[in-house]
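So you can see what is in the structure, the chains are spelled out below.
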Amino acid sequence: MDKTSRSKGRGTGRATLEQVAGMAGVSIMTASRALSQPQMVSEVTRVKVERAVAELGYVPNRAARALASSQSHVIVVLVPSFSNAVFTAVLEGIHDAVAPGQYQLLIGNTYYSQAEEEKLLRTYLQSSPDGILFSSQAHSPAVAKMMEASQVPSVSMMDLSDEAGALSVGFSQFEAGMEMARHLLRKGYRRIGFIGAQLDERTLRRADGYRAAMVEAGLADPRLELMVPERSTIALGAELMGQMMANMPDCDAVFCCNDDLAHGAVYHCQRHGIRIPQDIAVCGFNDLPASAWMMPSLTTIDTPRYQIGFEAASLLLQVIKGQEPERKRIDLGFTLRERESA
């Protein structure tokens, strides 16, 4: 790097594309193309530009690029948890869908809070994102107003929207909850409990499905439902299983709203000499990797988490590009995995 380039970089406080082009010995247009569309330049040119970028510490000005192209190449993703393996898989699918188009992801954790979602969205909209992926359909009035005013396209993930024209990718949480309850009923269980935590919209819809199946069978009993607002953990699952069996000793099966709670329920039974499924059946939801390897292995609902992320991001990209999607409501379904615990 020559002295002129060094002094210019210090003076502006930020390396420029003009400096990158000068160091690489190419035009500014070629340098820009090498960064934004590397497949459009030769390998030799791309390497020279990348070396100049590294040497100068150049960072592209996305705001300027967005003004020039009317696109920021930024997609916002809002999920309720970074530690939940369910959303880790969803994020992997999203990344794989957007990576070929060189989109950048702004990922925010809402912590299952509408207020936090509102705060994140207010901040991220300042980056003029090309689109937004929501993991929730229930929004505060403020979020609804911001989305309407911004006109930024969005897709909701995990559950399916009944709103006309809304873009959604996932499966029916209600039907999945109903199918698990019906499965236990077909197996001959009659006093089937439901254990739920967090009480986000997906948990509540699964509970609605369970309840509908029990009403259909003429076996509904509100006392068999144990639902708390605390965050789902294995420890909480063990605690709630203990409460269920203490309060409803005739309970012969338990449907937990997710696998974490179900794992805890199984461990509680093992610690207290309760046989599964001979004394009580235990089922979960989401089919986390450990569920197939527990002793006994866990009956659960397998949800297509990676595919949800990939298809939701792909759908959003279609809309960003001005294409009319063939399907606005993409149902990826679910699979009941019957194993030893029920």
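Here's a quick rundown of the structure. (Residues numbered from 1 in each chain as written. Predicted model: local features only at pLDDT ≥ 70, side-chain atom pairs only at ≥ 80, totals over all residues. Heavy atoms only, no water.)

### A word on helix H8 (residues 141–150)
Since one α-helical turn is 3.6 residues long, residues separated by three or four positions face the same way.
Part 1 of the reasoning: Along H8, the residues classified as buried are Val143, Met146 and Met147. The buried residues of H8 occupy an angular sector of 95° when the element is viewed end-on, so they sit on one face. Counted as exposed and oriented over 90 degrees from the buried face of H8: Pro141, Lys145, Glu148 and Ala149.
Part 2 of the reasoning: Looking at the buried residues of H8, the elements they touch are helix H7 (114–124), strand S3 (131–134) and strand S4 (154–158).
Part 3 of the reasoning: After H8 finishes, the residue Gln151 shows a positive phi value of roughly 60°. (Buried < 20%, exposed > 50% of the residue type's maximum accessible area, 1.4 Å probe, protein only. Helix = DSSP H or I, 4+ residues; strand = E, 2+ residues; numbered from the N terminus. Arc of directions from axis to C-beta. Contact = heavy atoms within 4.5 Å.)

### Points about the nonpolar core
Part 1 of the reasoning: One finds Ile75, Ile94, Leu133 and Met157 to be the most contacted residues of the largest nonpolar core, which totals 71 residues.
Part 2 of the reasoning: Composition of this core by domain shows at least three residues from each of domain 2 (72–171 + 306–334) and domain 3 (173–302).
Part 3 of the reasoning: Excluding residues within four positions of it along the chain, Met157 makes contact with Val77, Val90, Ile94, Leu133, Phe134, Ser135, Val169, Ile308 and Ala312.
Part 4 of the reasoning: Ala21, Ala34, Ala52 and Val53 belong to the second-largest nonpolar core, a separate cluster that totals 14 residues. (Core = buried A, V, L, I, M, F, W, Y, C linked by side-chain atoms within 4.5 Å. Domains from an automatic or database assignment.)

### Observations regarding helix H6 (residues 85–98)
Part 1 of the reasoning: The terminal C-alpha atoms of H6 lie 20 Å apart, and with 14 residues this matches the ideal 20 Å at 1.5 Å per residue to within 8%.
Part 2 of the reasoning: Listing the buried residues of H6 in full gives Val86, Phe87, Ala89, Val90, Leu91, Gly93, Ile94, Ala97 and Val98.
Part 3 of the reasoning: Those residues of H6 that are buried lie in contact with strand S1 (74–79), strand S2 (104–109), S3, S4, helix H10 (201–216) and helix H13 (305–320).
Part 4 of the reasoning: Capping the start of H6, Asn84 holds a side-chain oxygen 2.9 Å from the backbone nitrogen of Val86, two or three residues further along. (Expected span 1.5 Å × (residues − 1). Polar contact = N/O pair within 3.5 Å; in protein donor to acceptor, adjacent residues only side chain to side chain.)

### Points about the sheet that holds strand S7 (residues 225–227)
Part 1 of the reasoning: If you trace the 4 strands from one edge of the open sheet to the other, you get S7-S6-S8-S9, paired in parallel fashion. Each having just a single partner strand, S7 and strand S9 (281–283) make up the two edges of the open sheet. Between one strand and the next, the sheet's axes are offset by a mean angle of 15°, whatever the strand orientation.
Part 2 of the reasoning: Along the sheet face, H10 touches strand S6 (192–196), S7 and strand S8 (253–256) and points at about 170° away from the line of S6.
Part 3 of the reasoning: Against the sheet, helix H12 (residues 259–271) contacts S6, S8 and S9, and its axis sits at roughly 155° relative to S9. (Pairing = 2+ DSSP bridges. Axes fitted to C-alpha atoms, helices over the stretch in contact; angles between N-to-C directions.)

### Here's the deal with the pairing of S1
Part 1 of the reasoning: Within S1, 6 of the 6 residues are buried, which leaves the element mostly enclosed by the surrounding structure.
Part 2 of the reasoning: Taking every second residue as pointing to the same face, both faces of S1 are buried, with Val74, Val76 and Leu78 on one and Ile75, Val77 and Val79 on the other.
Part 3 of the reasoning: Across 6 bridges, S1 lies against S2 in parallel orientation. The partner of Val74 across the bridge, within S2, is Gln104.
Part 4 of the reasoning: Between S1 and its parallel partner S2, the chain crosses via H6, and the hand of that crossover is right-handed.
Part 5 of the reasoning: Across 4 bridges, the pairing between S1 and S3 is parallel. (Right-handed = clockwise from strand over helix to strand, strands pointing away.)

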